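# Architecture at a glance
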Amino acid sequence: MSGPLIRVEDLHKSFGSKIVHNGVTFELEEGQTLTIIGGSGSGKSVLLKQIIGLIRPNSGHIFIDGEDITALDEFELQRVQMKMGYVFQEAALFDSLTVGENVAFGLRTIMEAEKQHALKIARQKLSMVGLQGVENLKPSQLSGGMKKRVGIARAIAMGPEILLYDEPTTGLDPVMSDVVSDLILKLKEESGTTAIAVTHDMKSAYKISDKIAMLFEGKILQIGSPEEIQNSSNAIVRQFIAGSSRGPIPVPRI
Amino acid sequence: MLTNENNPFLIAGRKILGAAQTCGEMVVLMRRTFYWMGRTPIDRFSLFYQMVEMGNRSLPVVSLTMIFAGMVIALQTGYSSIRVFNEPLFIGAAVGHSIFKELSPVFTAMVFSGRVGAAIAAELGTMKVTEQLDALHTLGTNPVRYLAVPRFIAAILVFPLLVVYADLMGVIGGYIVTTVQLRISSTVYIEDITGINLNVFMHGFWKSFVFALIIVVVSCYKGFTTKGGAEGVGKATTAAVVLSMVLVLVSDYFVSAILVAFGIG
Ligand SMILES: Nc1ncnc2c1ncn2[C@@H]1O[C@H](COP(=O)(O)OP(=O)(O)OP(=O)(O)O)[C@@H](O)[C@H]1O
Ligand SMILES: [Mg+2]
């Protein structure tokens, strides 16, 4: 397969009168990791959900492996979704199932793996995110950071070609967030996984990314290598990565 | 001044359009449920669990309401007929007809929508707002197939059984008042009941399938379309109960008319 694995073309999305995306365009080569940064409410989660087909754009195209998923029906979409893993911002664990069953879910339904085998893989994936002996707990018994990591284990369990991470390190302690960054790198190096990550954690962004894109006012303001972003001449990008309240980004006055 | 906000025609028009859309979407959900029903190997354990859960939730309230329903019908017919004929007559027949044809299916539907429909809407609604339904999609599982189908089958199987049970409770309630308060011999009451045409019983039984269908489709629909956090789940739950009760009562007339036209009841 030549050409980019993921290509987003002139994406427009609004909810009622609220415009979220106003012409988002970018592409990502196979095996690369793109990090999307941007303010809260700038539409990062909505962008990831459109890429996996959970939300349909108003207009524009999303090509996954050359196939325009905006033109697919429910069933064809499901086939494409199986190539992808999604880490939800709030974990979205199934609270009626145990942690082990959560992680094994996709293996059981998609791969039709036998129960014991699936649970064994689930244990292995859980230990990759630093969780041991939690298989039989219910999600409600876990801390926020633990849920997040279970969510990651569930997304990587089937070894998807493409991983979409919505703030994978938010809510984790600094050491654990570095462990998750390492895990994202490891999946990329060992399995050639292509990934898009949304994050506010610039340290993790510099570590895991081949490319960083900043989303601002419905468009990609700048996209480039971590060095290019770090040395950006754009005042908005500079303010954002510096984490300063002073600059062109509108902020509430106190 | 008429504006877009206070124009009564616009407001009414929007409401009618909204209701029409809701109906249409519920029919779509029902079709999708039937579609997946034919293509899903039924997980017997999960189905059985759902059935037991639904039955357990409803049984206590159904027992209580139906015993008292039977009691009050016996009491009312008893004293009315004493006034007209100077003696209590046809108590068993009156209890049987009203319980089998109307009270039992309708009351059970009220209880079922309050206990089971509300639980379905709240559970699916919570899954919606916490993105668990989205998570199912990304793990290659259709939520209609995984969540709606087992609830649908369980409700269709359990509800008619509950109605038969409710019939029995109503008859027992009537028996208590007839023998204890009106002092009529139990053989007269029992002969009255057993003399009732089987079609009268079947009238309520067939109706119960329609009611179960309404309640489960409305509740799943309201759950799947929940918006906006915990508050949204509360609204969806209330809406599911109210809408299923209204639709049950309205459809009751039409289904009864159809059944009567076919000579059932
Ligand atoms: N289902 C929806 N219905 C209506 N509006 C929505 C919906 N989902 C998102 N939005 C709106 O779209 C905008 C972008 O939301 P999104 O969740 O993508 O933000 P985000 O960039 O992920 O923010 P954060 O960093 O806080 O997670 C927000 O203003 C939000 O209110
Ligand atoms: Mg977000």
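Values in this document were obtained by computation on a predicted structure and should not be read as measured data.

Cut-off values and rules
Residues numbered from 1 in each chain as written. Chains lettered and ligands numbered in written order. Predicted model: local features only at pLDDT ≥ 70, side-chain atom pairs only at ≥ 80, totals over all residues. Heavy atoms only, no water. Pairing = 2+ DSSP bridges. Helix = DSSP H or I, 4+ residues; strand = E, 2+ residues; numbered from the N terminus. Patch = residues over 30% accessible without salt bridge, like charges linked within 9 Å, V, L, I, M, F, W, Y side chains within 5 Å. Areas by Shrake-Rupley, 256 points an atom, 1.4 Å probe, with all protein chains shown as cover. Salt bridge = Lys/Arg side-chain N within 4 Å of Asp/Glu carboxyl O. Buried < 20%, exposed > 50% of the residue type's maximum accessible area, 1.4 Å probe, protein only. Donors = N, O, S within 2.8 Å, 3.2 Å for Na, K, Ca; no water. Axes fitted to C-alpha atoms, helices over the stretch in contact; angles between N-to-C directions. Parallel < 35°, antiparallel > 145°, perpendicular 65-115°, else oblique. Left-handed = near helix turned anticlockwise from the far one by under 90°. Nonpolar A, V, L, I, M, F, W, Y, C, P; charged D, E, K, R; others polar. Expected span 1.5 Å × (residues − 1). Bend = angle between axes of the 7 residues up to and from the residue. Near = heavy atom within 4 Å. Polar contact = N/O pair within 3.5 Å; in protein donor to acceptor, adjacent residues only side chain to side chain. Contact = heavy atoms within 4.5 Å. pLDDT = per-residue confidence, 0-100. Core = buried A, V, L, I, M, F, W, Y, C linked by side-chain atoms within 4.5 Å.

### Quick look at the sheet that holds strand β2 (residues 18-28) of chain A
By definition, the strands of a sheet pair up through backbone hydrogen bonds, in either a parallel or an antiparallel sense. All names here are of chain A. The sheet built from four strands is open, its strands ordered β2-β1-β4-β5 with antiparallel pairing. A strand with exactly one partner marks an edge of an open sheet, and here the two such strands are β2 and β5 (67-68). Where strand β1 (residues 6-15) lies against β2, eight bridges are found, and the strand directions are antiparallel. What sits directly across from I6, in β2, is L28.

### Observations concerning a nonpolar patch on the surface
Residue and element names in this part refer to chain B. A cluster of nonpolar side chains, namely L168, I172, Y175, I176, V180 and I190, defines an oily patch on the protein surface of about 500 Å² accessible area. Examining the composition of the nonpolar patch, we find that five residues originate from one element, helix α5 (residues 143-181), more than from any other. Residue class for V180 comes out exposed when judged on its relative accessible area of 56%.

### Things to note about the coordination of the magnesium ion (ligand 2)
Ligation of the magnesium ion (ligand 2) by protein atoms is provided by A:S45 (OG) and A:Q89 (OE1), these donors lying 1.9 to 2.2 Å from the ion. With a gap of 44 residues between them, A:S45 in helix α1 (residues 44-51) and A:Q89 in the loop between β6 (84-87) and α3 (99-109) connect regions that are remote in the sequence.

### A look at the packing of α5(B) against helix α7 (residues 198-224) of chain B
In helix packing, the relevant descriptors are the interaxial angle and the interaxial distance, both defined with respect to the helix axes. Residues and elements named next belong to chain B. With their axes 8 Å apart at the nearest point, α5 and α7 run at an angle of 150° to one another. Taken as axis vectors, α5 and α7 run roughly antiparallel relative to one another. The handedness of the crossing between α5 and α7 is right-handed. Class assignment for the residues of the contact of α5 with α7 results in 21 nonpolar, two polar and two charged.

### Observations concerning α5(B)
Residues and elements named next belong to chain B. Between its first and last C-alpha atoms α5 spans 54 Å; for 39 residues at 1.5 Å apiece the expected length is 57 Å, and the two agree. The largest bend in α5 amounts to roughly 30° and is located at V149, with the proline P150 lying one to four residues further along. A positive phi of about 55° marks R183, the residue just after α5.

### Regarding the site of ligand 1
Residue and element names in this part refer to chain A. Around ligand 1, a shell composed of 14 residues is seen, among which K18, S40, G41, K44 and S45 lie nearest. Here an oxygen atom of ligand 1 sits 3.0 Å away from a polar atom, N or O, in the main chain of G43. Isolated, ligand 1 exposes 640 Å² of accessible area, and the fraction of that covered by the protein chains is 62%. Elements with a minimum of two residues in the shell around ligand 1: β2 and α1. Top element by residues in the shell around ligand 1 is α1. It accounts for three residues. The residue makeup of the shell around ligand 1, split by class, is three nonpolar, eight polar and three charged.

### Observations concerning the side chain of B:R151
By secondary structure assignment, the location of B:R151 is in helix α5. Aside from chain neighbours lying at most four places away, what touches B:R151 is B:Q50, B:M54, B:I120, B:E123, B:L124 and B:V216.

### Looking at the packing of helix α3 (residues 91-129) of chain B against helix α8 (residues 229-261) of chain B
All names here are of chain B. Where α3 contacts α8, the two axes come as close as 8 Å, and the packing angle between them is 150°. By the angle between their axes, α3 is roughly antiparallel relative to α8. Between α3 and α8 the crossing geometry is right-handed. Here α3 contributes E102, V106, A109, M110, S113, G114, A118, A121, A122, G125, T126 and V129 to the contact with α8, which in turn contributes G229, V233, A236, T237, A240, V241, S244, M245, V248, L249, D252 and S256.

### Description of the confidence of the model for chain B
Looking at chain B as a whole, the pLDDT averages 93, with 100% of positions reaching at least 70. As a predicted assembly, this complex carries a pTM of 0.90 together with an ipTM value of 0.91.

### Some remarks on the nonpolar core
Side chains of a nonpolar character, in soluble globular proteins, are inclined to be buried together. Judged by nonpolar contacts, the single largest core of 110 residues is most densely connected at A:F26, A:I64, A:L164, A:I196, B:F112 and B:F224. If one sorts the elements of this core by residue count, α5(B) sits on top with 13 residues. Those residues in contact with A:I64 that lie beyond four places of it in its chain are A:L5, A:I6, A:I51, A:I69, A:V80, A:M84 and A:I162. Counting residues in hydrophobic clusters, the runner-up holds 21 residues, among them B:M66, B:I73, B:A74 and B:I196.

### Looking at the pairing of strand β8 (residues 194-198) of chain A
Residues and elements named next belong to chain A. β8 sits mainly inside the fold: five of its five residues count as buried. The alternating pattern of β8 places T194, I196 and V198 and A195 and A197 on opposite faces, both of which are buried. In this sheet, β8 lies alongside strand β3 (residues 33-37) in parallel orientation, the contact comprising four bridges. What sits directly across from T33, in β8, is A195.

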